[in-house]
Amino acid sequence: MTVVALTRQRRKEARPQELLDAAVALFLEKGFAATRSEEVAARAGVSKGTLYRYYPSKEDLFKAVVRENLSAPIAESAQLAAQHRGAIAPLLQQMMKAWWARVGEGVMGGISKIMLVEARNFPELAAFYAEEVIEPSQALLSRLVEQGVRSGEFRAAPVEAVVQMLIAPLMHLMLHEHSFGAVCRPTMSAEALLEAQMTLLLDGLRAPPAACAGSVAAGA
């Protein structure tokens, strides 16, 4: 195979990623509704026909972005959790920090913000996002909290409420990062706020030592 043929082959193999990168950039700049497919093609340096060969619609582009950058990390976290042996609290802390570093403060946090803002106008995409991102994330966190309760590491707690308490501060940080954060920086770093949140929540979840629990019961 000639050098020219090899170059063309490599270019062809790289094209789907180039299109996704162009789509992400435009979605962040203009939002999903205002972005047109031909703009994505132009940003990637290809024809609209080439774009449609890989992604037949703008919705397909958005779904591919979500699958690659949000669904994949969730699946990786689920695999990590399945292989984990030991205390759940450190794993939860590690996972939430990793999510913030990989998604929350990066461009994918902006994609999540777009979905929150525009979901009502695109119910089919909202359902897709819920199935690919929201439901698997909540299911994973629920399993870990339940595991901690069963092992005696955590006190009995309403699992669904705990999961929302884990997620909500991250969503707040993400929305700030990709809106006001561009012009108005908070007095405390997102990492410090996340550390405080996880410390307070996990300290509240931890079951009391058996000896202390027995003393309380005896005193009652």
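Once a new chain begins, its residue numbering starts again from 1 and follows that chain's sequence as written. Side-chain atom pairs in this predicted model are given and counted only at pLDDT of 80 or more, local residue features only at pLDDT of at least 70, and totals for whole chains, interfaces and linings cover all residues. Side-chain measures here rest on the full set of heavy atoms in the structure, leaving out hydrogens and waters.

1. Concerning the confidence of the model for the protein chain
Part 1: Every residue gets a pLDDT, meaning the predictor's confidence in that residue, from 0 to 100. On average, residues of the protein chain carry a pLDDT of 86, and 86% of them reach 70 or more.
Part 2: Contacts between residues were defined by any pair of non-hydrogen atoms, one from each residue, lying within 4.5 Å. The low-confidence segment residues 1-10, where pLDDT is below 50, has one contact with residues more than four positions distant or belonging to other chains.
Part 3: Taken together, the stretch residues 211-220 has pLDDT below 50 and engages in one contact with residues farther than four places along the chain or on a different chain.

2. What to know about helix H8 (residues 159-177)
Part 1: Numbering goes from the N terminus for both helices and strands, where a helix is a DSSP run of H or I of at least four residues and a strand is a run of E of at least two. Expected span of a helix: the number of residues minus one, times 1.5 Å. A rise of 1.5 Å per residue sets the reference length of H8, with its 19 residues, at 27 Å; its end C-alpha atoms lie 28 Å apart and thus fit the reference within 8%.
Part 2: Among the residues of H8, those classed as buried are Val159, Val162, Val163, Leu166, Ile167, Leu170, Leu173 and Met174. Each residue gets one of three labels from its accessible area relative to the maximum for its type: buried under 20%, exposed over 50%, partly exposed in between, using a 1.4 Å probe on protein chains only.

3. What about the packing of helix H5 (residues 88-104) against helix H9 (residues 190-205)?
Part 1: Note on definitions: angles span 0 to 180 degrees between N-to-C directions of axes, and those axes are lines fitted to C-alpha atoms, for helices only across the stretch in contact. Running from N to C, H5 and H9 cross one another at 155 degrees; their axes reach a closest spacing of 11 Å. The angle between the axes of H5 and H9 places the two elements in the roughly antiparallel class. At the point where H5 passes H9, the crossing takes the right-handed sense. Across the interface between the two elements, Ala89, Leu92, Gln93, Met96, Lys97 and Trp100 from H5 touch Ala190, Glu191, Leu194, Glu195, Met198, Thr199 and Leu202 from H9. An angle below 35 degrees is read as roughly parallel, one above 145 as roughly antiparallel, one from 65 to 115 as roughly perpendicular, and any other as oblique. Each crossing gets its handedness from the near helix: less than a right angle anticlockwise from the far helix is left-handed, clockwise is right-handed.

4. Details of H5
Part 1: Those residues of H5 not exposed but buried are Ile88, Ala89, Leu91, Leu92, Gln93, Met95, Met96, Trp100, Val103 and Gly104.
Part 2: Turning to H5, the residues buried within the fold contact helix H4 (58-83), helix H6 (107-118), helix H7 (123-151), H8 and H9.

5. A short note on the side chain of Gln93
Part 1: Counting through the fold element by element, Gln93 comes out in helix H5.
Part 2: Setting aside anything within four residues of it in sequence, one finds Gln93 in contact with Glu195, Met198, Thr199 and Leu202.

6. Structural notes on the environment of Ser77
Part 1: Topologically, Ser77 is positioned in helix H4.
Part 2: A residue is classified by how much of its surface remains accessible, and Ser77, at 22% relative accessible area, is partly exposed.
Part 3: C-alpha of Ser77 to C-alpha of Trp99: the two residues are 22 residues apart in sequence and 9.2 Å apart in space.
Part 4: Once residues lying within four places of it in the same chain are set aside, the contact partners of Ser77 are Met95 and Leu140.

7. So, the packing of aromatic side chains
Part 1: Each aromatic pair joins two rings of Phe, Tyr and Trp (for Trp, the six-membered one) with centres within 6.5 Å, and gets the label stacked for planes under 30 degrees apart, edge-to-face for over 60, and tilted for any other angle. Summed over the entire model, instances satisfying the criterion amount to four aromatic pairs.
Part 2: Summarising the aromatic geometry, the rings of Phe32 and Phe122 are spaced 4.9 Å apart at their centres and angled 90 degrees between planes, so their arrangement reads as edge-to-face. Residue Phe32 is found in the loop between helix H1 (3-30) and helix H2 (37-44), and its partner Phe122 is found in the loop between H6 and H7; the two are separated by 90 residues along the sequence.
Part 3: Since its relative accessible area comes to 2%, Phe32 is described here as buried.
Part 4: Every member of this aromatic cluster is reached through a ring pair, and the members are Phe27, Phe32, Phe62 and Phe122.
Part 5: By the criterion adopted, a ring carries a charge over it if an Arg CZ or a Lys NZ lies within 6 Å of its centre and within 35 degrees of its normal. It is Lys58 that lies over the ring of Phe32; its NZ or CZ is 4.5 Å from the centre.

8. Topic: the environment of Ile167
Part 1: As for its placement among the helices and strands, Ile167 is situated in helix H8.
Part 2: For the pair Ile167 and Ser137, spaced 30 residues apart in the sequence, the C-alpha separation amounts to 9.2 Å.
Part 3: Discounting residues that sit within four places of it in the chain, Ile167 has contacts with Met96, Gln138 and Leu141.

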